[in-house]
Amino acid sequence: INYLAVTYLVLKEYGEFSLFLSTITSCVVIASLGLLYSGNVVVSKWLGKNKAFVADYFKISMLIIAILSFVFSIVSYILTSYFFESFFAIFFFSLGILFESFFYGTSRYKELFIFGFLNLIISVALFFALIKGLSLYGAILGFIFSKTIIVILQFSQFLKNFTNFFNFKLTKKDSVFIYFKKFNAPLVLSAIISGPILTLILYMLSYFRGNEEVAIYSWCYQIYLLGMFVPASLGAYYLTILNKRAKQDKLSLMKKITLFNVSSTVLTILVLALISPLLLDVSEISNNPMAKYTFFSFLICMFFYSLNLSYMSLWVSLGKSYFHLYFQLIWSLTCVIL
């Protein structure tokens, strides 16, 4: 989607699209309540033992997501001038994260792959048509539809596991709120601290240097995210595995996970460095002298991020989510000061 956007939008429009995406993503980081990790734990530990608790956990999570999506759509409207578009983007993006945690928790990775593949085919075709026809607004609509499609696919399979899911009587709500307080609260606080940092950086860049430089930063950041795709997407899988191990086994497993993350990332860095002329030869980005410098700075970031990446899974599996909160606070302060 970002490739199509940077190719078919003028640089200023791609900068505006990047600001919208970053704003939405920051809101989603908070609105999704750390559910990718905590929902994974709930499903993997209690689906077989206490199905009513799992069902209530997902019902309450969906309700909170709807409320937070409305609140954050107001914030997004102030920043981007899009209200309804922001609401649907935040709502479906967050729901997708919630339902993804269910499939990770039940180790149904094949279904996740099928959903992702189908969503890729449908979304890219739809996004291409919309961006060609409606330009910037088409890109925003295409992004919303891409999140809506994946939720429809996930939810249709999710419902097969809960026969009375639409029975709104909550029998385990007290237990759910206790769990939210213990596990989700530290993750949400961490998200509040760290989530808006990239968006703040982009708005500062837009204010001082214009949306053209936002576009350069955003495109290089998208390549960085793509380069970190394998180790980052395995985070929820690692959590599922760690949940099933004794404490001493978790620590030995972490050595293997970290070695894999670093090795795969170093290989990715080398490949990206070799093909950097192709990656930067998009739209007007390659003509800017800052693009190459920004690109290689992100490659350096990839190496250090790969060292840290798996530890969020470890802290959550050990019931010490607040560790992640402390480290995110340090990272956020460092970014803001610099």
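Residues numbered from 1 in each chain as written. Predicted model: local features only at pLDDT ≥ 70, side-chain atom pairs only at ≥ 80, totals over all residues. Heavy atoms only, no water.

(A) The arrangement of the overall build of the protein in detail. When helices and strands are counted, the protein shows 16 helices and 0 strands. Relative to the 2.2 N^0.38 estimate, which gives 20 Å for 338 residues, the radius of gyration of the protein is 20 Å and therefore close to what a compact globule would have. Its C-alpha atoms give the protein principal-axis dimensions of about 60 × 45 × 35 Å. For the protein, with 338 residues in total, the buried portion stands at 49%. Carbon and sulfur atoms make up 70% of the accessible area of the protein, which totals about 16,800 Å². Both charge centroids of the protein, one from 24 positive and one from 12 negative side chains, sit 19 Å from each other. (Helix = DSSP H or I, 4+ residues; strand = E, 2+ residues; numbered from the N terminus. Rg over C-alpha atoms; globule rule 2.2 N^0.38 Å. Buried < 20%, exposed > 50% of the residue type's maximum accessible area, 1.4 Å probe, protein only. Areas by Shrake-Rupley, 256 points an atom, 1.4 Å probe, with all protein chains shown as cover. Lys, Arg positive; Asp, Glu negative; His and termini not counted. Charge placed at Lys NZ, Arg CZ, Asp CG, Glu CD.)

(B) Summary view of helix α4 (residues 51-80). With 30 residues, α4 should cover 44 Å at 1.5 Å per step; its first-to-last C-alpha distance of 41 Å lies within 8% of that length. Downstream of α4 by one or two residues, Ser81 has phi in the positive range, about 75 degrees. (Expected span 1.5 Å × (residues − 1).)

(C) Looking closely at the packing of aromatic side chains. With the rule as written, the count across this model stands at 44 aromatic pairs. Geometrically, the ring pair formed by Trp46 and Phe53 is edge-to-face, given 5.5 Å between the ring centres and 80 degrees between the ring planes. Classification of Trp46 by relative accessible area gives partly exposed; the value is 27%. The class for Phe53 is buried, based on a relative accessible area of 6%. Taking NZ or CZ as reference, Lys51 lies 5.7 Å from the ring centre of Phe162, over its face. In this structure, Lys147 packs its charged tip against the face of Phe93, placed 4.0 Å from the ring centre. (Phe/Tyr/Trp six-rings, centres within 6.5 Å; stacked < 30°, edge-to-face > 60°. Lys NZ or Arg CZ within 6 Å of the ring centre and 35° of its normal.)

(D) Main features of the nonpolar core. Within the largest apolar cluster, 83 residues are counted, with the highest numbers of intra-cluster contacts made by Phe17 and Phe58. Core analysis: the next-biggest nonpolar cluster, separate from the first, contains 7 residues, Leu242, Met254, Ile257 and Trp315 among them. (Core = buried A, V, L, I, M, F, W, Y, C linked by side-chain atoms within 4.5 Å.)

(E) Region of interest: the environment of Ile275. In this structure, Ile275 sits in the loop between α12 (247-274) and α13 (276-280). Judged by its relative accessible area of 33%, Ile275 falls in the partly exposed class.

(F) Up close: the pattern of salt bridges. Within the structure shown, the criterion is met by 2 salt bridges. Between Arg108 and Glu111 there is a salt bridge, with the nearest N and O atoms lying 2.7 Å from each other. (Salt bridge = Lys/Arg side-chain N within 4 Å of Asp/Glu carboxyl O.)

(G) Just a nonpolar patch on the surface, in detail. On the surface, a nonpolar cluster with roughly 860 Å² of combined accessible area is contributed by Leu63, Ile67, Phe70, Val71, Ile74, Val75, Tyr77, Ile78 and Leu79. Along the chain, Tyr77 turns up in helix α4. Using a relative accessible area of 45% as the deciding quantity, one classes Tyr77 as partly exposed. (Patch = residues over 30% accessible without salt bridge, like charges linked within 9 Å, V, L, I, M, F, W, Y side chains within 5 Å.)

(H) The arrangement of unusual backbone geometry in detail. A positive phi angle is found at Ser107, which is not glycine, with a value near 60 degrees. Inspection of the secondary structure puts Ser107 in the loop between α5 (84-105) and α6 (109-158).

(I) Geometry of the packing of α12 against helix α14 (residues 289-308). Where α12 contacts α14, the two axes come as close as 8 Å, and the packing angle between them is 170 degrees. Classified by the angle their axes make, α12 and α14 are roughly antiparallel. Where α12 approaches α14, its residues Thr258, Asn261, Val262, Thr265, Val266, Thr268, Ile269, Leu272 and Ala273 are matched on the opposing element by Phe295, Phe296, Leu299, Met302, Phe303, Ser306 and Leu307. Taken together, the residues of the contact of α12 with α14 sort by class into 11 nonpolar, 5 polar and no charged. (Axes fitted to C-alpha atoms, helices over the stretch in contact; angles between N-to-C directions. Parallel < 35°, antiparallel > 145°, perpendicular 65-115°, else oblique. Contact = heavy atoms within 4.5 Å. Nonpolar A, V, L, I, M, F, W, Y, C, P; charged D, E, K, R; others polar.)

(J) Main features of the environment of Leu280. As for its position among the elements, Leu280 is in helix α13. For Leu280 and Asp56, which are 224 residues apart along the polypeptide, the C-alpha to C-alpha distance reads 47 Å.

(K) Structural detail: the packing of helix α2 (residues 11-31) against helix α9 (residues 211-227). Between α2 and α9, the least distance of the axes is 7 Å, while the angle of their chain directions is 65 degrees. Once α2 is placed against α9, the crossing between them reads as left-handed. Of the residues in α9, those in contact with Leu11, Lys12, Tyr14, Gly15, Glu16, Ser18 and Leu19 of α2 are Asn211, Glu212, Val214, Ala215, Ser218, Trp219 and Gln222. By residue class, the composition of the contact of α2 with α9 is 6 nonpolar, 5 polar and 3 charged. (Left-handed = near helix turned anticlockwise from the far one by under 90°.)

(L) Structural detail: the side chain of Ser38. Structurally, Ser38 can be placed in helix α3 (residues 35-46). A polar side-chain atom of Ser38 sits 2.9 Å from a polar atom in the side chain of Tyr57. Discounting residues that sit within four places of it in the chain, Ser38 has contacts with Leu33, Tyr57, Tyr179, Asn184 and Leu187. (Polar contact = N/O pair within 3.5 Å; in protein donor to acceptor, adjacent residues only side chain to side chain.)

(M) Fine view of the confidence of the model for the protein. Mean pLDDT over the protein: 86, with 97% of residues reaching 70 or higher. Here helix α11 (residues 235-243) stands out as the least confident element of the protein, with mean pLDDT 74; α5 is the most confident, with 94. (pLDDT = per-residue confidence, 0-100.)

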